[in-house]
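Observations on chain architecture
Letter by letter, the chains look like this.
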Amino acid sequence: MNRPADRSGPPPGSVDARFTLAAERTVLAWVRTALGFIAAGVAIVYVAPSGDAEWLDAAIGVLMVVVGATIAVTGGYRWRRTMTVLREGGDMPGPSAVLVVVAAIVVVSIVVAAILATRI
């Protein structure tokens with residue numbers, strides 16, 4: 001008589017596909033946010049430059065592109081760290097990177113709003 005193998009859990013090193021797909025969706029959200037920042041930075045420099053303070057537009061545009069690149073790198077790092085933790089165990093990445101991104105978004109928004117307010 002054949003008995004089914006004891007399947008008390010997944011084999012060592014394997015990860016449930018739902019978790020890997022969730023991590024992938026999360027990194028794609030980081031990439032979308034980064035692309036939004038980069039596109040806005042390019043738009044400020046090339047699409048909507050002001051005639052009186054082009055250096056300011058360039059500085060804001062470069063700032064937004066740098067923040068976007070930083071968001072992309074941070075998202076990639078967090079995804080890689082999450083995948084390692086899912087495979088090998090350990091502590092998941094904390095919320096500090098998310099809080100830094102939120103702070104960067106707030107700072108850039110305040111700077112852009114202040115500049116727009118001076119142009120009205």
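Located above this text is the structure these notes cover.
In this text the structure is predicted, and so the values were computed from the model without any measurement.

Conventions used here
- Residues numbered from 1 in each chain as written.
- Predicted model: local features only at pLDDT ≥ 70, side-chain atom pairs only at ≥ 80, totals over all residues.
- Heavy atoms only, no water.
- Helix = DSSP H or I, 4+ residues; strand = E, 2+ residues; numbered from the N terminus.
- Buried < 20%, exposed > 50% of the residue type's maximum accessible area, 1.4 Å probe, protein only.
- Contact = heavy atoms within 4.5 Å.
- Areas by Shrake-Rupley, 256 points an atom, 1.4 Å probe, with all protein chains shown as cover.
- Axes fitted to C-alpha atoms, helices over the stretch in contact; angles between N-to-C directions.
- Parallel < 35°, antiparallel > 145°, perpendicular 65-115°, else oblique.
- Nonpolar A, V, L, I, M, F, W, Y, C, P; charged D, E, K, R; others polar.
- Expected span 1.5 Å × (residues − 1).
- Core = buried A, V, L, I, M, F, W, Y, C linked by side-chain atoms within 4.5 Å.
- Patch = residues over 30% accessible without salt bridge, like charges linked within 9 Å, V, L, I, M, F, W, Y side chains within 5 Å.
- Salt bridge = Lys/Arg side-chain N within 4 Å of Asp/Glu carboxyl O.
- Left-handed = near helix turned anticlockwise from the far one by under 90°.

What follows concerns the overall build of the chain. A count of helical and extended segments in the chain gives three helices and zero strands. In the chain, the succession of helices and strands from N to C terminus is α-α-α. The proportion of buried residues among the 120 residues of the chain is 21%. In the chain, once contacts between residues fewer than 6 apart in sequence are set aside, the share between residues at least 24 apart is 68%. Approximately 8,600 Å² of the chain is accessible, and the part contributed by carbon and sulfur atoms is 67%.

Looking now at the packing of helix H1 (residues 17–47) against helix H2 (residues 54–88). Running from N to C, H1 and H2 cross one another at 170 degrees; their axes reach a closest spacing of 7 Å. Put simply, H1 runs roughly antiparallel to H2. Each residue belonging to the contact of H1 with H2 can be placed in one class, and the counts come to 22 nonpolar, nine polar and three charged.

Its 35 residues give H2 an end-to-end C-alpha distance of 51 Å, which sits within 8% of 51 Å, the value for a rise of 1.5 Å per residue. Downstream of H2 by one or two residues, Gly89 has phi in the positive range, about 90 degrees.

With that settled, consider the nonpolar core. Core analysis: the largest hydrophobic core is formed by eleven residues, namely Trp30, Ala34, Phe37, Ile60, Met64, Val67, Ile71, Ala97, Val101, Val108 and Ile115. Residues within four places of Val108 in sequence aside, it is in contact with Phe37, Leu63, Met64 and Val67.

The next thing to look at is the environment of Val101. By the element assignment, Val101 lies in helix H3 (residues 96–119). Among the residues examined, Val101 registers a relative accessible area of 14% and is labelled buried. Sequence separation between Val101 and Gly68 is 33 residues; the distance between their C-alpha atoms is 9.6 Å.

Turning our attention to a nonpolar patch on the surface. A contiguous nonpolar surface patch, about 410 Å² in accessible area, is contributed by Val42, Tyr46, Val47 and Val65. The element that contributes the greatest number of residues to the nonpolar patch is H1, accounting for three residues. When you line up the elements, Val47 lands in helix H1. Of the residues examined, Val47 reaches a relative accessible area of 69% and is grouped as exposed.

Attention now goes to the packing of H2 against H3. At a minimum axis separation of 11 Å, H2 and H3 run at an interaxial angle of 165 degrees. As far as their axial angle goes, H3 and H2 are roughly antiparallel. Judged by the sense of rotation from one axis to the other, the crossing of H2 with H3 is left-handed. Residues Leu56, Asp57, Ile60, Leu63, Met64, Val67, Ile71, Thr74 and Arg78 of H2 form the contact with H3, whose own contacting residues are Ala97, Val98, Val101, Ala104, Val108, Val111, Val112, Ile115 and Arg119. Partitioned by chemical class, the residues of the contact of H2 with H3 number 14 nonpolar, one polar and three charged.

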